[in-house]
Amino acid sequence: MTLSVPLGERRSVALVYGPPREWRRTMRVSDGHAATTFSGCSGSDSDETQFNGGFIVAGVQCATFDVRVGTQPDAMKLAVPFGVPC
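Computed from a predicted structure; not experimentally measured.

Quick notes on the rules
Residues numbered from 1 in each chain as written. Predicted model: local features only at pLDDT ≥ 70, side-chain atom pairs only at ≥ 80, totals over all residues. Heavy atoms only, no water. Phe/Tyr/Trp six-rings, centres within 6.5 Å; stacked < 30°, edge-to-face > 60°. Helix = DSSP H or I, 4+ residues; strand = E, 2+ residues; numbered from the N terminus. Buried < 20%, exposed > 50% of the residue type's maximum accessible area, 1.4 Å probe, protein only. Salt bridge = Lys/Arg side-chain N within 4 Å of Asp/Glu carboxyl O.

Caption draft 1: Here's a closer look at the packing of aromatic side chains. The tally for this structure, following the rule as stated, stands at 4 aromatic pairs. With centroids separated by 4.8 Å and ring planes inclined at 75°, the aromatic side chains of phenylalanine 38 and phenylalanine 51 adopt a geometry described as edge-to-face. Of this pair, phenylalanine 38 sits in the loop between strand E3 (35-37) and strand E4 (53-57) while phenylalanine 51 is found in the loop between E3 and E4, placing the two residues 13 residues apart along the sequence. On the accessibility criterion, phenylalanine 51 (38% relative accessible area) is partly exposed. Cluster of aromatic residues (ring-pair linked, three or more members): Tyr17, Phe38 and Phe51.

Caption draft 2: Seen up close, the pattern of salt bridges. Applying the stated criterion to the full structure yields 2 salt bridges. Here arginine 28 and aspartate 31 are joined by a salt bridge, their closest N and O atoms 3.4 Å apart. Accessibility expressed as a relative area gives 55% for arginine 28, which makes it exposed. Its salt-bridge partner being aspartate 66, residue lysine 77 comes within 2.5 Å of it at the nearest N-O pair. With lysine 77 in strand E6 (residues 76-82) and aspartate 66 in strand E5 (residues 61-68), this residue pair connects regions lying 11 residues apart in the sequence. Lysine 77 gets classed as exposed once you look at its relative accessible area, which sits at 60%.

Quick look at the structure:
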């Protein structure tokens, strides 16, 4: 699955998933990523995989993300409230 920030949202929202060494106490939207692909851990006895990370958001807003699963041609839209309802 790939989670991405649509082009029109990239000035106010970014993703920050990856090794904690990339994280800083204070981050700007420009420090984040436009997209992240999530893959489950292979060879695990568990059906669950944990992904450390989150969002960088410039202010209160309802942000929209694109979600692509597998080879589906169209992205699903995901609205996420950050301090206000969507």
